[in-house]
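A structural walkthrough
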Amino acid sequence: MSVFDEMYEKDTLSERISFLKNVFSSFETNRYFPYVLTVAIDYIEDKKGNATVSEVLNQLGKNVNPKWLHRNFVKYIGIAPKKYISLQRFIYTYGLYDKNNLEDLFDAAVLSGYYDYNHFLKDFKRYMGIAPSLYTWD
């Protein structure tokens with residue numbers, strides 16, 4: 001949770017997204033992570049966060065216990081797999097968004113796998129602390 005506390009200290013959305021990208025990309029997955037965890041992270045990133053924990057477990061095989069996955073995500077990354085998936089989807093959505101056209105935000109959210117705009121709004125508020133309509137986009 002200290003990662004999110006640090007993220008909220010950033011002033012702009014761009015700074016927050018860049019900070020999160022840097023934090024999560026700075027992990028050397030091949031060296032320190034268990035191989036299965038590396039495969040899970042790669043799968044989530046390949047899907048751009050448009051996955052569920054169940055899909056990740058299916059990709060890993062039936063020998064991987066959900067509790068093991070959760071425990072190791074928390075141990076090595078600091079957040080649960082569901083939160084990591086949600087965060088990756090949010091980051092990808094932000095990358096699709098054209099800052100000059102607020103209407104594109106809905107399209108970007110749907111293309112990224114959000115069920116509807118409210119689903120995206122909840123994630124936006126969770127990660128940014130403010131609704132997109134109230135945020136000053138830079």
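Given the structure is predicted, the values throughout are model-derived calculations rather than measurements.

A short note on the packing of helix α4 (residues 35-46) against helix α7 (residues 81-96)
Between α4 and α7, the least distance of the axes is 9 Å, while the angle of their chain directions is 30°. Of the two elements, α4 crosses α7, and the hand of that crossing is right-handed. Within the contact between the two elements, α4 uses I41, I44 and E45 and α7 uses Y84, I85 and Q88. A per-class count over the contact of α4 with α7 returns four nonpolar, one polar and one charged.

Comments concerning helix α6 (residues 66-76)
Within α6 the residues assigned to the buried category are L69, N72 and F73. The arc that holds the buried residues of α6, viewed along the axis, is 105°, so those residues lie on one side. Exposed residues on α6 whose side chains face more than 90 degrees from its buried face are K67 and K75. You can read the cap of α6 off the contacts: a side-chain oxygen lies 2.7 Å from the backbone nitrogen of K67, and it is on N65. Phi turns positive, to about 100°, at G78, one or two residues after α6.

Cut-offs and rules
Residues numbered from 1 in each chain as written. Predicted model: local features only at pLDDT ≥ 70, side-chain atom pairs only at ≥ 80, totals over all residues. Heavy atoms only, no water. Axes fitted to C-alpha atoms, helices over the stretch in contact; angles between N-to-C directions. Helix = DSSP H or I, 4+ residues; strand = E, 2+ residues; numbered from the N terminus. Left-handed = near helix turned anticlockwise from the far one by under 90°. Contact = heavy atoms within 4.5 Å. Nonpolar A, V, L, I, M, F, W, Y, C, P; charged D, E, K, R; others polar. Buried < 20%, exposed > 50% of the residue type's maximum accessible area, 1.4 Å probe, protein only. Arc of directions from axis to C-beta. Polar contact = N/O pair within 3.5 Å; in protein donor to acceptor, adjacent residues only side chain to side chain.

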